[in-house]
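Understanding the architecture of this molecule
If you want the building blocks of each chain, they are given just below.
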Amino acid sequence: MDPYKHTPSSAFNSSFFTTNSGTPVWNNNSSLTVGSRGPILLEDYHLIEKLAQFDRERIPERVVHARGASAKGYFEVTHDISNLTCADFLRAPGVQTPLIVRFSTVIHERGSPETLRDPRGFAVKFYTREGNFDLVGNNIPVFFVRDGIKFPDMIHALKPNPKTHVQEPWRIMDHFSHHPESCHMFTFLFDDHGIPLNYRHMEGFGVHTFTLVNRAGKCTYVKFHWKPTCGLKYLSKQEAVVVGGSNHSHATKDLYDSIAAGNYPEWKLFIQTMNPSNEEMFDFDPLDVTKTWPEEMFPLQPVGRMVLNKNIDNFFAENEQLAFCPALIVPGVYYTDDKMLQTRIFSYADTQRHRLGPNYLMLPANAPKCAHHNNHHEGFMNFMHRDEEVNYFPSRFDAVRHAEQVPIPSRPVSGRREKVMLEKENNFAQPGVRYRSWPADRQERFIENWVDALSDSRVTHEIRSVWISYWSQCDKSLGQRIAAQLQSKSNM
Ligand code: HEM
């Protein structure tokens, strides 16, 4: 063995304490002092190193989705879709791919309760033989807004007031009153769906429309859906107070305990597909992230199953340092022109370079499990040992070549430079359909949540009127019922 070879973790096996540089530590209880009562000497290197290391234990938390739980497992193809995609990990029934999943809440801090009304993140990293494929979705099939340029403002409105540090309904009601496209998302968030029982009993959605590309280059639009085999369950508003009051990490604990007990959570993966040549045939734009594709027109087709059968070994390494990114696709899967997806392609790697450093993809949880090679090198905290002398391309001394070209969408893209909304906004039809699909008691709980939010003392008459108008356009009786309940509340 080469004694100079860098082996960071395998040598972490001394039977006695050492400093980071390996010097034996003979006393980890008392600081080095002048006399028995001090003062302490700066030359106590171990003490200084210990404190300095501790002082830097926290890394920046994710700007959104700070609170989360992860687990490992595998994906298994159950149905052949190789006619739609040349993705290697989907090549045939029976093929298994290792993966890691992170479930999360969105708005509040790393230690916040898991019972709050909030979307839940549902991010899956498939370690495929052709690189990592990250399906970074949510438990709600649509999103608040359809253009990523609005994202930072909407997150500011949802986050705590910068002055009081409390999440305040008036800021949310105010902001989204400018965005009628958010109605559909609110029919999930202010519905029972807004507080899942835990992470095991919730659905996941890729949310965006992606493209599947087959070997011949044929493209198909696709939406991804994860369905839990144990069914969907929610907490009522009242139950959430009790559960969150007794354990603010109930969903993290439930996931861990369930896997530890051998009760492995499982989801089935379905897809909806659409021929891109038909994209103009509908009353909604299929690249609009505020819309679902009606299942009677685009039936769910089974593809595979995901089983989570292994807990993570270390929360920091496999949760805090985990980095998902919607830009990480594999041959056979491609983006679409969905404006929200396009902005996400930039944002994740950008924040991760800030949050984890430029070499974050070398961290074990983020690194591909397949062979990989390029000439990107060095930078802060680079811990990859590389022996080669040729770190440039092209070179007659380096046999590494380009990979075989994979098919990508070939449809020409053209147009004027514009900053405009999508033409087919159709903001109110789908939320109306969803509201009418509920039984009376579920409708009533939805209305109650709206009346509560709009009763915030800083919600103005104007903001209330805008929302009543939106909900009336979704469903006439819904707007009337919210207006009537607000009226009777203000008369009390
Ligand atoms: C996390 C930005 C839209 C799902 C994040 C993070 C950022 C971000 C900066 C933190 C990532 C990290 O620190 O590792 C954005 C932007 C969006 C957007 C700019 C719009 C332009 C969405 C949408 C979804 C989504 C539409 C759902 C489809 C998630 C999930 C995570 C996340 C699940 C957590 C990933 C994890 O568990 O580490 N987002 N996001 N985001 N986002 Fe988004």
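As the structure is a prediction and not an experimental result, all values here were calculated from the model.

As for the confidence of the model for the chain
When pLDDT is averaged across the chain, the result is 96; 98% of the residues are at 70 or more. If you check the scores for this complex, the pTM reads 0.96 and the ipTM reads 0.95.

As for the nonpolar core
By size, the foremost hydrophobic cluster in this structure holds 43 residues, and its most contacted members are Phe144, Met173, Phe186, Trp450, Trp467, Trp471 and Ile482. Those elements giving two or more residues to this core turn out to be helix H2 (151-158), helix H3 (169-176), helix H4 (183-189), helix H10 (440-454), helix H11 (461-474) and helix H12 (476-491). Split by domain, the residues of this core number at least three in each of domain 1 (68-362) and domain 2 (428-491). Those residues in contact with Trp471 that sit more than four places away from it in its chain are Cys183, Phe186, Thr187, Pro431, Phe446, Trp450, Leu478, Gly479 and Ile482. Core analysis: the next-biggest nonpolar cluster, separate from the first, contains 41 residues, Phe89, Leu212, Trp226 and Val330 among them.

Focus on the pattern of salt bridges
Applying the stated rule across the entire model yields 33 salt bridges. Linking Arg129 and Asp88 is a salt bridge whose minimum nitrogen-to-oxygen distance equals 2.9 Å. One end of the pair, Arg129, is in the loop between strand E3 (120-128) and strand E4 (131-138); the other, Asp88, is in the loop between strand E1 (68-77) and strand E2 (96-105), and 41 residues separate them in sequence. As a salt-bridge pair, Arg146 and Asp288 come within 3.0 Å of each other at their nearest N and O atoms. Of the two residues, Arg146 is situated in the loop between E4 and H2 and Asp288 in the loop between strand E8 (266-274) and strand E9 (301-311); the sequence distance between them amounts to 142 residues.

Regarding the packing of aromatic side chains
If you walk through the whole model with that rule in mind, you get 36 aromatic pairs. For the ring pair Phe186 and Trp450, a centre distance of 5.4 Å and an interplane angle of 75 degrees mean the geometry is edge-to-face. Of the two residues, Phe186 is situated in helix H4 and Trp450 in helix H10; the sequence distance between them amounts to 264 residues. Judged by centre distance (5.3 Å) and plane angle (70 degrees), the ring pair of Phe282 and Phe298 falls under edge-to-face. Of the two residues, Phe282 is situated in the loop between E8 and E9 and Phe298 in the loop between E8 and E9; the sequence distance between them amounts to 16 residues. Here Phe282 falls in the buried class, since its relative accessible area comes to 13%.

Quick word on the site of the ligand
The ligand sits among 24 residues. The nearest are Arg62, Arg102, Tyr348, Gln352 and Arg355. Side-chain polar atom of Arg102 to an oxygen atom of the ligand: 2.7 Å apart, as the coordinates give it. One of the side-chain N or O atoms of Gln352 is found 2.9 Å from an oxygen atom in the ligand. When contributions to the shell around the ligand are tallied by element, the ones reaching two or more residues are E3, E4 and helix H8 (339-356). The dominant element in the shell around the ligand, judged by the number of residues it contributes, is H8, at eight residues. Of the residues belonging to the shell around the ligand, the class tally is ten nonpolar, ten polar and four charged.

Quick notes on the rules
- Residues numbered from 1 in each chain as written.
- Predicted model: local features only at pLDDT ≥ 70, side-chain atom pairs only at ≥ 80, totals over all residues.
- Heavy atoms only, no water.
- pLDDT = per-residue confidence, 0-100.
- Core = buried A, V, L, I, M, F, W, Y, C linked by side-chain atoms within 4.5 Å.
- Buried < 20%, exposed > 50% of the residue type's maximum accessible area, 1.4 Å probe, protein only.
- Helix = DSSP H or I, 4+ residues; strand = E, 2+ residues; numbered from the N terminus.
- Domains from an automatic or database assignment.
- Contact = heavy atoms within 4.5 Å.
- Salt bridge = Lys/Arg side-chain N within 4 Å of Asp/Glu carboxyl O.
- Phe/Tyr/Trp six-rings, centres within 6.5 Å; stacked < 30°, edge-to-face > 60°.
- Near = heavy atom within 4 Å.
- Polar contact = N/O pair within 3.5 Å; in protein donor to acceptor, adjacent residues only side chain to side chain.
- Nonpolar A, V, L, I, M, F, W, Y, C, P; charged D, E, K, R; others polar.

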